[in-house]
Amino acid sequence: MCYLFSRWVQEKRQLPCSQAKGNWAFIHFLHETYPQKGGNCINVQIGISSQKIFDRFKGALFSDKLGPQESHLNDRLGYLMGMKEDYWWALSSTSEEKVAETLTRGIREFGIPFIEKHISDEDLCRFFLSTMFKHWFGRLLIFIGLGDRRPLLYLVFLLKETGDEVNFKKVAKFIYKRHRQRPFLGGGSIGDFLLSLGFHP
């Protein structure tokens, strides 16, 4: 069983995705080699993708297919389990069974509730609004390898799509003031994008 678990992780690396409230959730297994940890290590990334974001920004994203690499909200299982670092579990002939049990429990008790709590567009908006100026939001930018304003653009777009005009105006004003002249993902400027959503400076 442990051997099969290890091979499945190395070859497939992803649980079947699921759809709820129009959006998609992914549980993605990451496999790397870390000599300092004894060799093969495993990590789990929990991701949520908004269908509306994907459809609107398609062509300016990492991929033309929905998947873990195009998650609009994600986190590593270790963080969700309360660890203070991006934890990688070492796999060996003696540890596989324990690691499999730990990851199964972690996904069930922390990963699935994370997905259920943030799966809808309204849920995503609430999360990003609550973390917009906090450390987690900065970690999100680094974690998904962006270092840009993409999550802010996702947020302001979803606020408009979900009809939250009050927060849409607040976030759009924040972005417009700081980033309006910067290039937009698909051409033009961020300011032009905000105006196209109905924002009036």
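Worth saying up front: this structure is predicted, and the values here are computed from it rather than measured.

Colleague: How would you sum up the packing of aromatic side chains? Please name residues and give values.
Modeller: In total, this model carries six aromatic pairs according to the counting rule given. Judged by centre distance (5.7 Å) and plane angle (75°), the rings of phenylalanine 127 and phenylalanine 128 are edge-to-face. Under the relative-accessibility criterion, phenylalanine 128 is labelled buried at 3%. Their ring planes at 55° and their centres at 5.5 Å tell us that tyrosine 176 and phenylalanine 199 sit as a pair that is tilted. Placement of tyrosine 176 in helix α8 (residues 165-179) and of phenylalanine 199 in the segment after α9 (190-196) is noted, with a sequence separation of 23 residues between them. The same class applies to tyrosine 176 and to phenylalanine 199, which are both buried. A network of ring pairs unites the aromatic residues Phe57, Tyr154, Phe157 and Phe193 as a single cluster. The side chain of arginine 56 reaches across the aromatic face of phenylalanine 57, ending 5.6 Å from its centre.

Colleague: Go over the pattern of salt bridges with me, naming the residues and quoting the values.
Modeller: Tallying each qualifying case throughout the model produces four salt bridges. Where aspartate 86 meets arginine 76, a salt bridge forms, and the shortest distance between an N and an O atom there is 2.6 Å. Of this pair, aspartate 86 sits in the loop between α3 (77-80) and β5 (89-90) while arginine 76 is found in strand β4 (residues 73-76), placing the two residues 10 residues apart along the sequence. The partly exposed category is assigned to aspartate 86, whose relative accessible area is 27%. Two residues, arginine 105 and glutamate 109, come together in a salt bridge whose shortest N-O distance is 3.4 Å. Note that arginine 105 and glutamate 109 are positioned in helix α4 (residues 96-118) at a spacing of four residues, about one turn of the helix. Given the relative accessible area of 40%, glutamate 109 is considered partly exposed.

Colleague: Can you tell me about the environment of alanine 90, naming the residues and giving the values?
Modeller: Inspection of the secondary structure assignment puts alanine 90 in strand β5. For alanine 90, a relative accessible area of 28% corresponds to the partly exposed category. As for alanine 90 and isoleucine 42, which are separated by 48 residues in sequence, their C-alpha atoms are 6.5 Å apart.

Colleague: Tell me about α8, and name the residues and values.
Modeller: For α8, which comprises 15 residues, the first-to-last C-alpha distance of 20 Å matches the rise-based estimate of 21 Å (1.5 Å per residue) to within 8%. Regarding α8, the residues found buried are Phe168, Val171, Ala172, Ile175, Tyr176 and His179. The buried side chains of α8 occupy one side of the element, clustering within an arc of 135° when seen end-on. Seen from the open side of α8, the exposed residues pointing more than 90 degrees away from its buried face are Val166, Lys169, Lys170, Lys173 and Lys177. On its buried side, α8 packs onto α5 (121-131), α7 (150-161) and α9.

Colleague: Could you give an account of the packing of α7 against α8, with specific residues and numbers?
Modeller: Packing of α7 against α8 leaves a shortest axis separation of 8 Å and a crossing angle of 150°. One element, α7, and the other, α8, form an angle in the roughly antiparallel class. Crossing geometry of α7 relative to α8 is assigned as left-handed. Facing α7, whose interface residues are Leu152, Leu153, Leu155, Val156, Leu159 and Lys160, α8 presents Glu165, Asn167, Phe168, Val171, Ala172, Phe174, Ile175 and His179. Considering only residue class, the contact of α7 with α8 consists of 10 nonpolar, two polar and two charged.

Colleague: Give a detailed account of the pairing of β4, specifying residues and quantitative values.
Modeller: Of the two faces of β4, the one lined by Leu73 and Asp75 and the one lined by Asn74 and Arg76 are each fully buried. With four bridges connecting them, strand β3 (residues 39-49) and β4 associate as antiparallel partners. Following the sheet pairing, isoleucine 46 is matched in β4 by aspartate 75.

Colleague: Residue-level account of the pairing of β3, with values.
Modeller: Each regular strand shows side chains that alternate between the opposite faces of the sheet. The buried fraction of β3 amounts to 10 of the 11 residues, a majority that puts the element mostly inside the structure. Bridge analysis of strand β2 (residues 23-34) against β3 gives 11 bridges, and the strand direction is antiparallel. Counted as the bridge partner of tryptophan 24 is serine 49 from β3.

Quick notes on the rules
- Residues numbered from 1 in each chain as written.
- Predicted model: local features only at pLDDT ≥ 70, side-chain atom pairs only at ≥ 80, totals over all residues.
- Heavy atoms only, no water.
- Phe/Tyr/Trp six-rings, centres within 6.5 Å; stacked < 30°, edge-to-face > 60°.
- Buried < 20%, exposed > 50% of the residue type's maximum accessible area, 1.4 Å probe, protein only.
- Helix = DSSP H or I, 4+ residues; strand = E, 2+ residues; numbered from the N terminus.
- Lys NZ or Arg CZ within 6 Å of the ring centre and 35° of its normal.
- Salt bridge = Lys/Arg side-chain N within 4 Å of Asp/Glu carboxyl O.
- Expected span 1.5 Å × (residues − 1).
- Arc of directions from axis to C-beta.
- Contact = heavy atoms within 4.5 Å.
- Axes fitted to C-alpha atoms, helices over the stretch in contact; angles between N-to-C directions.
- Parallel < 35°, antiparallel > 145°, perpendicular 65-115°, else oblique.
- Left-handed = near helix turned anticlockwise from the far one by under 90°.
- Nonpolar A, V, L, I, M, F, W, Y, C, P; charged D, E, K, R; others polar.
- Pairing = 2+ DSSP bridges.

These values are about where atoms sit, not about what they do.
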